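# Structural features, examined
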Amino acid sequence: MNRVALTGIKPTGPPHIGNYLGMIKPALELARDHQALYFLADYHALTTVKNRDRLIQLTYEVAAAWVALGLNPEQVMFYRQSDIIEVFELTWILDCFTAKGMLNRAHAYKAVVDENLQAGRDPDKQINMGLYSYPVLMAADILLYGSHVVPVGLDQKQHLEMTRDIAMAFNKNYGDILVLPEASIKEEVMTIPGTDGRKMSASYNNTLPVFAPPAKLRKRVMRIVTDSKRPEDPKDPESCNVFAIFRHFAPPDTVESTRQKYIQGGLAYGEIKGELFELLDSTFGSAREKYNELLADRDEIDRILMKGAEEARAIAKPIIERVRQAVGVAK
Ligand code: TRP
């Protein structure tokens, strides 16, 4: 049988180039030779998104984005986390095998605690149980389907380690029931710079959004920070933010010839930025159209996600049944 690749996508906004290279593209590649289950982690988003319309809108946006960028719903089981209720049953069971001390060390939770302490506030201020037990729901997402490989960003590495720890604690008690998953992390594309040279991230407001209208995208590209070398000066491709993005989209021989032009001098930053814009526009132009079409047809997105949920549930059912039997709530 095919190995299972699974990942969750938290609906927090439309994707940028960093998300695409670091996560979306590798996940779609993995889907070619794995049984892929990719889902919208809407209940994870609920830890922070408390506005109903916004959660709905974000969920459709992210669903449309993945399909527009090439996720084939005939090949990938694409579903909403919240449609598979078995995951919440498994969450409780796993809760009973999760060390509280481990959750105390979870990065996302700890960051808020540390911020509170720094500011002299109650350490628990603004922290809900959803944020605290976030890693357990994520472990259930993964373990419910017998996942072998989980394509994620570097920021999720700790969550995958916790998932393995929880699964091992369960298996130690009941035998080999849960599959231990491996994270698949593309470290080399995790450091795509944003327009200001820091890591591209929505929270820095330095992104190149994949589906931005061309005029906006061009503006963003032109804003990418460079040093102040003149057109005729030799330049260093390796430290250039424009080149760091360009190299992922241009064909290999163009990357090489552009590298030479940097080193020799004579290439203006304005010129290479123009080329980068053209490349991005031609790479994502038709996906952008598809995205806008899909977003305007929520029924179509619902159909895709319901079909995915049915298929995913068929995988989850026997696994949750085995877990129930193992713990002694089913015969
Ligand atoms: N926590 C992940 C993120 O913030 C999203 C997620 C939820 C996930 N459940 C998952 C990722 C299961 C991989 C597997 O990006």
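Keep in mind it's a predicted model, so treat the numbers as computed, not measured.

A separate point is the side chain of N116. Within the secondary structure, N116 is located in helix α6 (residues 107-118). In this structure the side chain of N116 is engaged in a polar contact, spanning 3.0 Å, whose partner is the backbone oxygen of P123. Contacts of N116, omitting those with residues within four sequence positions, involve R121, D122, P123, D124, K125 and I127.

So, about the site of the ligand. Around the ligand, a shell composed of 14 residues is seen, among which G8, H44, Y134, D141 and Q156 lie nearest. Between the ligand and the protein, one listed contact pairs a nitrogen atom with a side-chain N or O atom of Y134 at 2.7 Å. Within the complex, the protein chains bury 90% of what would otherwise be the 370 Å² of accessible surface of the ligand. Counting only elements with at least two residues in the shell around the ligand, the list comes to β1 (4-9) and α7 (129-143). It is α7 that contributes the most residues to the shell around the ligand, 4 residues altogether. Of the residues that constitute the shell around the ligand, the class distribution is 8 nonpolar, 4 polar and 2 charged.

Attention now moves to the nonpolar core. Most often, soluble globular proteins keep nonpolar side chains buried together rather than apart. Core analysis: the largest hydrophobic core is formed by 59 residues, its most contacted members being I17, Y38, W66 and F78. In terms of residues, this core owes the most to one element, helix α12 (residues 269-295), which gives 10 residues. If you count residues domain by domain, this core takes at least three from each of domain 1 (4-191 + 298-327) and domain 2 (202-291). Sequence-distant contacts of W66, that is, excluding residues within four places in its chain, are made with I9, M23, I24, A27, L28, Y38, L71 and F78.

Mapping L46 onto the fold places it in the loop between α2 (42-45) and α3 (52-68). Sequence separation of L46 and Y174 is 128 residues, and the distance between their C-alpha atoms is 32 Å.

With domains assigned, the chain is organised as domain 1 (4-191 + 298-327) and domain 2 (202-291). Each of domain 1 and domain 2 has a C-alpha centre, and the two are 32 Å apart. Each partner contributes residues to the interface: domain 1 has 13 residues there, and domain 2 has 14 residues. Of all residues in domain 1, H16, I17 and A68 bury the most surface against domain 2, accounting for 44% of the area lost on that side. The interface formed by domain 1 and domain 2 contains 0 salt bridges. Inspection of the domain 1/domain 2 interface yields 2 residue pairs in polar contact (both at pLDDT 80 or more). Where the side of domain 1 that touches domain 2 is concerned, the elements lending two or more residues are α1 (17-30) and α3. Residue contributions to the side of domain 1 that touches domain 2 peak at 5 residues, all from α3.

What counts and what doesn't
- Residues numbered from 1 in each chain as written.
- Predicted model: local features only at pLDDT ≥ 70, side-chain atom pairs only at ≥ 80, totals over all residues.
- Heavy atoms only, no water.
- Helix = DSSP H or I, 4+ residues; strand = E, 2+ residues; numbered from the N terminus.
- Polar contact = N/O pair within 3.5 Å; in protein donor to acceptor, adjacent residues only side chain to side chain.
- Contact = heavy atoms within 4.5 Å.
- Near = heavy atom within 4 Å.
- Areas by Shrake-Rupley, 256 points an atom, 1.4 Å probe, with all protein chains shown as cover.
- Nonpolar A, V, L, I, M, F, W, Y, C, P; charged D, E, K, R; others polar.
- Core = buried A, V, L, I, M, F, W, Y, C linked by side-chain atoms within 4.5 Å.
- Buried < 20%, exposed > 50% of the residue type's maximum accessible area, 1.4 Å probe, protein only.
- Domains from an automatic or database assignment.
- Buried area = accessible area lost by both parts, 1.4 Å probe.
- Salt bridge = Lys/Arg side-chain N within 4 Å of Asp/Glu carboxyl O.

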